[in-house]
Amino acid sequence: MARLANVSMTTASRVASGSSYPVSADRHERVEKAIRELDYTPNALARALARHQSMSIGVLVGSITDPYFAEVTRGIEDQARRGGCLTILCNTDRNLAVEKGYVEILRRQHAVGIVLVGGAFAGHAQQVELAAAVARAVAEGSTVIAIGDSGLAGIPTVTVDDEALMFDLTQYVCSLGHRRVAFVGAPSGFTTGDHRLAGFQAAMRSQGLDPSLVYAGGFDYTSGRRAATRMLADGLADAIITFNDESALGVLMALRDAGVRVPEDVSVAGVDDTRDARFTSLTSVMVPMYELGATAARHITQRDGAFEGRTVLAHRIAPRLTTAERRTS
């Protein structure tokens, strides 16, 4: 292009990149003519390296097989593509050391944005190291946003109100006449799980009911099955509410295998409103997973420097066939 326009490479670069550096009208016109003749498109990678920032957004998720993370990531990717950014998906297995390592890699690659998706094990010693890695990435120009309670102070956050949504779901289940309600939680110390447990217990107390029927759980189908097996041995509650839809599906399958009818014998409900929840007619809480991701990516691609706080998106109860009014006999 520079040769065709008979100008220096520096001049050609200034015109092609839209630089405000002054270039004479004659040289400007010759470069523009060469651009048209060559059908030239600026190299995005070269431009990014020149300004020490790549047009990529790193997305750190606990598990790429979890439907929640998949839907959130889809929202990020769609919005990132519209903003001219590449999405890099990083599976952390909810391991803080792995998460810190990915943040450092993305920082060295000058990622324009880093999104931390999901809760965290707050108070863990490695959380301090992760916070330091995030601070270094921010200092070097990356926008870091959390989706959910990351346990990191000062990080802009896009989230739902986890305590409120579980309070609302528990209130709904109690409104069906259920009085002995069990909760299957996340592992102890996990931020999102702690918020949802607090919402469950607050709702039970507001109804004058016992909030102590709590079972340790996890994030997946297998943890739900294990919790249901323990409940079957202890004596089933009127209703079972779980931390998320994946564990609720595990509960459903364990109950089915044991010959327990849902919802005739026991009602079951989860959280997130994943596709599997809709396919199985599971009562759930609709969490706007796609919009959580899209909102975070939008703040990054639009360079929204004013976004520093906490954006809370709305949730709603999605009643389906796994919950019903309690039978009295």
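Just so you know, these numbers come straight off a predicted model, no measurement behind them.

*Asks:* When you look at the overall build of the chain in this model, what are you seeing that I'm missing?
*Replies:* When helices and strands are tallied, the chain shows 13 helices and twelve strands. For the chain, restricting intrachain contacts to residue pairs at least 6 apart in sequence, the fraction spanning at least 24 positions comes to 75%.

*Asks:* Sorry if this is basic, but what is going on with the sheet that holds strand E1 (residues 54-61) here?
*Replies:* In any sheet, the strands associate via hydrogen bonds between backbone groups, in a parallel or an antiparallel arrangement. Spatial strand order, E2-E1-E3-E4-E5-E11: six strands in an open sheet with parallel pairing. Whereas interior strands pair on both sides, the edge strands pair on one side only; in this sheet they are strand E2 (86-91) and strand E11 (310-312). Within the sheet, the average angular offset between the axes of one strand and its neighbour, ignoring direction, is 20°. Strand contacts of helix H13 (residues 289-301): E1, strand E3 (111-117), strand E4 (143-147), strand E5 (157-159) and E11, with the helix running at about 165° to E4, the strand carrying the most contacts.

*Asks:* Got a minute to help me understand the packing of helix H10 (residues 221-234) against helix H11 (residues 245-257) in this structure?
*Replies:* Each packed pair of helices is defined by two parameters, the angle between the axes and the distance between the axes. At their nearest, the axes of H10 and H11 sit 6 Å apart, and the two run at 45° to each other. Judged on the interaxial angle alone, H11 and H10 are oblique. The two elements H10 and H11 meet at a crossing, and its hand is right-handed. Here Tyr221, Ser223, Gly224, Arg225, Ala228 and Leu232 of H10 lie close against H11, whose contacting residues are Glu246, Ser247, Leu249, Gly250, Val251, Met253, Ala254, Leu255 and Asp257. Of the residues in the contact of H10 with H11, the class split is eight nonpolar, four polar and three charged.

*Asks:* Looking at this structure, I do not really get the pattern of salt bridges. What am I missing?
*Replies:* One side chain can pair with another of opposite charge once the charged atoms of both are near each other. This structure, assessed with the given rule, holds 16 salt bridges. Here aspartate 66 makes a salt bridge to arginine 94, at a shortest N to O gap of 3.9 Å. Here aspartate 66, found in the loop between E1 and helix H5 (67-82), pairs with arginine 94, found in the loop between E2 and helix H6 (96-108); they are 28 residues apart in sequence, far enough to count as distant. For aspartate 66, a relative accessible area of 9% corresponds to the buried category. Each of Glu104, Arg107, Arg136 and Glu140 takes part in a single network of salt bridges with overlapping partners.

*Asks:* Would you mind showing me how to read the packing of aromatic side chains here?
*Replies:* Each aromatic ring pair is summarised here by two numbers: the centre-to-centre distance and the angle between the ring planes. For the structure on display, the rule yields six aromatic pairs. Measuring from ring centre to ring centre gives 5.1 Å for phenylalanine 183 and phenylalanine 200, while their planes differ by 20°; the resulting arrangement is stacked. In this pair, phenylalanine 183 sits in strand E6 (residues 181-184) while phenylalanine 200 sits in helix H9 (residues 191-206), placing the two residues 17 residues apart along the sequence. Using a relative accessible area of 0% as the deciding quantity, one classes phenylalanine 200 as buried. An aromatic cluster is defined as three or more aromatic residues linked by ring pairs; in this entry it consists of Phe121, Phe190, Phe219 and Phe243. When the ring centre of phenylalanine 219 is taken as reference, the NZ or CZ atom of arginine 94 above it lies at 3.6 Å. Sitting over the ring of phenylalanine 243, arginine 196 keeps its end group 4.8 Å from the ring centre.

*Asks:* Sorry, what's going on with H9 here?
*Replies:* Because the α-helix completes a turn every 3.6 residues, residues three or four places apart line up on one side. If you check H9, its first and last C-alpha atoms are 23 Å apart, about what 16 residues at 1.5 Å a residue would give, namely 22 Å. For H9, the complete set of buried residues consists of Thr191, Thr192, Gly193, Arg196, Gly199, Phe200, Ala203 and Met204. Buried residues belonging to H9 abut helix H8 (162-175), E6, strand E7 (214-215) and strand E8 (239-242). Glycine 208, located one to two residues past H9, shows a positive phi value of around 70°.

Basis of the calculations
- Residues numbered from 1 in each chain as written.
- Predicted model: local features only at pLDDT ≥ 70, side-chain atom pairs only at ≥ 80, totals over all residues.
- Heavy atoms only, no water.
- Helix = DSSP H or I, 4+ residues; strand = E, 2+ residues; numbered from the N terminus.
- Contact = heavy atoms within 4.5 Å.
- Pairing = 2+ DSSP bridges.
- Axes fitted to C-alpha atoms, helices over the stretch in contact; angles between N-to-C directions.
- Parallel < 35°, antiparallel > 145°, perpendicular 65-115°, else oblique.
- Left-handed = near helix turned anticlockwise from the far one by under 90°.
- Nonpolar A, V, L, I, M, F, W, Y, C, P; charged D, E, K, R; others polar.
- Salt bridge = Lys/Arg side-chain N within 4 Å of Asp/Glu carboxyl O.
- Buried < 20%, exposed > 50% of the residue type's maximum accessible area, 1.4 Å probe, protein only.
- Phe/Tyr/Trp six-rings, centres within 6.5 Å; stacked < 30°, edge-to-face > 60°.
- Lys NZ or Arg CZ within 6 Å of the ring centre and 35° of its normal.
- Expected span 1.5 Å × (residues − 1).

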